[in-house]
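The primary structure of each chain is shown beneath.
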Amino acid sequence: MIFRILLYVGLALLLPGLAALGYSLWEGPAVWSLDAHTFWGTPVSLFVFWIGIAHAGTLISAILLALGVPLDRRTSMLAELTTLCALVVAAIYPLMHLGVVENFYMVIPFADARGSFANVRSPLVWDFCCIAIYALLSLVFFAIHLFADRSQALEDVRRPMAWLLFPLVLWVHTIVSLDFAVTFVPEWRGAFFPLYFIAGAIYSGLAMVNVLLVAEGCRVRLLEKLMMVGSFVMLVFWAWNFALKGDWNFSVFAFGALLPQLWWVSAVRVSPFGRLAVSLSVLLGLWLERFYLVMPAEPRGFGYVDAGLVAFSIGLFTTLLVILRVKLRKPIEGGELLFGELEEASAPVVEPHTEPLTSREFIVLRFPLLLGVLVALVYTLWAVSQPVFDTVAVAIPNVAPLFYPIVALVAAIALCIRPVWQAVSAHNADGCGSRYLKIAFAVCILMFAFFAGVFYAGGSSAPSKFTSYVDTPKIAGAFDTLRTRAVWNARCSGCHGIDGKFNAKFVREFYPVPQKLTAARLDSLGEDSLVHVIMYGRTNMNPYADRITEADARALVRYMRSLAPADIPAPEIKETAPEINDSTREINDSTHEINNSTPETNDSAEVLQ
């Protein structure tokens, strides 16, 4: 009955939320709340909130398993299922900020056929890769747990997988904190941000699991105690942040730290509604904390679209979780009938070892970890040697955030191949189920190969269907020179900079890395070749043939030459550009000389410096 009610609630929130999501994607960032200084808003705050819950779900199950702390199967699988559903919700909101959603794969740090390579100095690239690897390994960890009771081979790799995921969760949420900490926003600067984000993720994850346990009709005292400890830890971080920056929000303190102290009252602690209210108070306080963190400047707006996005996230999470929970009822519950309080069972028997390096888990992990380290080292050296980084300083520390996720991915694959194959081979004596599983495994490999090929192809440079040419009238005389500069500032400076020396924010945070417009490079390519690149695109540069004329493109090339560093003296350009509106345009490297083609109307030249 409770699952049916939750499903109706989820659908009731999801349907209007879908309308808000569609409207946001159609209209763009102008329809939701945005900070005037950081240009981040409600979608980013929802991303950070849900990715924190996603990290905490598997962390709760993995860390307790790795440390030998007993936790019943239903609770641990609920935590892992929370991770998967929260990851699906969290993945939607960064796509809203891309603008061109179909180009999301461009942040994958790997070379494609066009020679493009993601800017590995960007925390956004680190974020994408780390979260993608974490999502994949969390799915594998959940699948192993789901079928572990049918195969001893899968049960044997659960604990080694937990040891791989334990540091990966801490690593990944540290990378999420760097999205804020490495920027120039004063409110986001702080060496304590990694620990701050990890503590907040665990705190919100514990609250979410306690909410689900109320729906299941049971409680786990261990998780309740950990949640109370988390309230004091977060209070310390909020006080420290206030002491450093003077930033304090009473609503965050009230919902996230003050109201949870009602847990000390036995009447609240015993009542399911009391436990539900306290856990929801924690979730509300943590979301408000993310909201105020993402948008530090006043005033902060919150309109119908923002409310719709929040409703969409809650509705999608609830609907997915209820559907999966009902579909996986038997493997999740097993033979357990859990009502009321779950007593803490005795810890599982673990063989004692005097040396940690000789433990069974480490023996199993030695070869996969060694293989993962070798692959990560090779990738790091290969990435920093890419030709695209000849114009941008990239060192090994810039690739270091990707090191352990690559190690964990390769180690998990090496660790699970044999047990998974043994489990598939042993499934069903008649071989029917085994055949279907092997077919599914082969289909997954083919799909991976297909998408890898699509990524390597690098997409298309065809003009976007969403762009249109705006016919700006061209007037003879000095306005043409000003127009060339205006076109450069509007179309080109976003990547190349107003002065032609990079847009620092773009190079620091986004992809791809634009080429340096040096005099030697421009002279080696030639004017006609550069005009062709501007008109029809190349690698990751979009074509502009549907937005500017060829005369404008030629003027932009000569304007680029005037901005180029004087490493080689710029040759004097003597030929004249095509006539535009009864005038000719001559562009030198430092002056723009405009002569009227009719001597009777103007017999003097105007030189613009």
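Residues numbered from 1 in each chain as written. Predicted model: local features only at pLDDT ≥ 70, side-chain atom pairs only at ≥ 80, totals over all residues. Heavy atoms only, no water.

> Requested: an account of the overall build of the protein chain, with residues and values cited.
Along the backbone of the protein chain there are 21 helices and 5 strands. Sequence-distant contacts in the protein chain: of pairs separated by 6 or more residues, those separated by 24 or more amount to 73%. Just so you have it, the protein chain exposes about 30,200 Å², and 68% of that area is on carbon and sulfur atoms. (Helix = DSSP H or I, 4+ residues; strand = E, 2+ residues; numbered from the N terminus. Contact = heavy atoms within 4.5 Å. Areas by Shrake-Rupley, 256 points an atom, 1.4 Å probe, with all protein chains shown as cover.)

> Talk me through a nonpolar patch on the surface; I want residue IDs and the actual numbers.
A cluster of nonpolar residues, I439, V443, M447, F450 and F451, forms a patch on the protein surface that exposes about 510 Å² of accessible area. Note that V443 resides in helix α16 (residues 432-457). (Patch = residues over 30% accessible without salt bridge, like charges linked within 9 Å, V, L, I, M, F, W, Y side chains within 5 Å. Salt bridge = Lys/Arg side-chain N within 4 Å of Asp/Glu carboxyl O.)

> Please set out helix α21 (residues 550-563) residue by residue, giving values where relevant.
One turn of an α-helix holds 3.6 residues; hence residues three or four places apart share an orientation. Taking 1.5 Å per residue as the helical rise, α21 with its 14 residues ought to reach 20 Å, and the 20 Å between its terminal C-alpha atoms agrees with that figure. Among the 14 residues that make up α21, 10 are buried, leaving the element largely enclosed by the rest of the structure. Among all positions of α21, only D552, A553, R554, A555, L556, V557, R558, Y559, M560 and R561 are buried. (Expected span 1.5 Å × (residues − 1). Buried < 20%, exposed > 50% of the residue type's maximum accessible area, 1.4 Å probe, protein only.)

> Lay out the pattern of salt bridges with the relevant residues and their values.
As enumerated under the stated definition, the model contains 9 salt bridges in all. In this structure, R74 and E216 form a salt bridge, with 3.0 Å as the shortest nitrogen-oxygen distance. Remark: E216 occurs in helix α6 (residues 193-216) and R74 occurs in helix α3 (residues 73-96); sequence separation between them is 142 residues. For the pair R74 and E216, a shared accessibility class is recorded, and that class is buried. Between R325 and E216 there is a salt bridge, and its shortest N-O distance comes to 2.7 Å. Here the residue R325 occupies a position in helix α11 (residues 304-327), and E216 occupies one in helix α6, the gap between them amounting to 109 residues. Judged by relative accessible area, which is 2%, R325 ranks as buried. Residues joined in a network through salt bridges with shared partners are E527, D528, E550, R554 and R558.

> So what about the packing of aromatic side chains? Which residues, and what values?
Each pair of aromatic rings is reported with the distance of its centres and the angle of its planes. Under the defined criterion, the tally for this structure stands at 24 aromatic pairs. Ring geometry for F192 against F193: centres 5.4 Å apart, planes inclined by 70°, an arrangement best described as edge-to-face. Consider the rings of W287 and F291, whose centres lie 5.2 Å apart with planes at 25°: the pair is stacked. Here the residue W287 and the residue F291 both occupy positions in helix α10 (residues 272-294), the gap between them amounting to 4 residues, near one helical turn. F291 shares its class with W287; the two are buried. Through pairs of rings, three or more aromatic residues link up here, namely W40, F180, W188, F192, F193, Y196, F197 and F237. (Phe/Tyr/Trp six-rings, centres within 6.5 Å; stacked < 30°, edge-to-face > 60°.)

> Got a sec to walk through the nonpolar core? Specific residues and values, please.
Of all hydrophobic cores here, the largest spans 124 residues; its most connected members are W50 and F180. Contact partners of F180, with chain neighbours within four places excluded, come to W40, V48, W188, F193, F197, L293 and V294. Formed by 18 residues, the second largest nonpolar core is a distinct cluster that contains W488, A519, Y544 and A564. (Core = buried A, V, L, I, M, F, W, Y, C linked by side-chain atoms within 4.5 Å.)

> Can you explain the packing of helix α8 (residues 250-258) against α10? Please cite residues and give values.
Between α8 and α10, whose axes approach to 7 Å, the crossing angle comes to 150°. It follows that α8 is roughly antiparallel to α10 by the angle criterion. Note on packing geometry: the crossing formed by α8 with α10 is left-handed. Only S281, V282, L284, G285, L288, E289 and Y292 of α10 make contact with α8, whose side of the interface consists of S251, V252, F255 and G256. (Axes fitted to C-alpha atoms, helices over the stretch in contact; angles between N-to-C directions. Parallel < 35°, antiparallel > 145°, perpendicular 65-115°, else oblique. Left-handed = near helix turned anticlockwise from the far one by under 90°.)

> An account of the side chain of H145 is needed here, citing residue identities and associated values.
As for its placement among the helices and strands, H145 is situated in helix α4 (residues 123-147). Setting aside its immediate chain neighbours within four residues, H145 contacts R73, S76, M77, E80 and R158.

> Go over the packing of α3 against α6 with me, naming the residues and quoting the values.
Two elements in contact, α3 and α6, have axes separated by 10 Å at closest approach and are oriented at 125°. One element, α3, and the other, α6, form an angle in the oblique class. Of the two possible hands of crossing, α3 and α6 adopt the one that is right-handed. Across from R74, T75, L78, A79 and T82 in α3, the residues of α6 making contact are M208, V209, L212, L213 and E216. Taken together, the residues of the contact of α3 with α6 sort by class into 6 nonpolar, 2 polar and 2 charged. (Nonpolar A, V, L, I, M, F, W, Y, C, P; charged D, E, K, R; others polar.)

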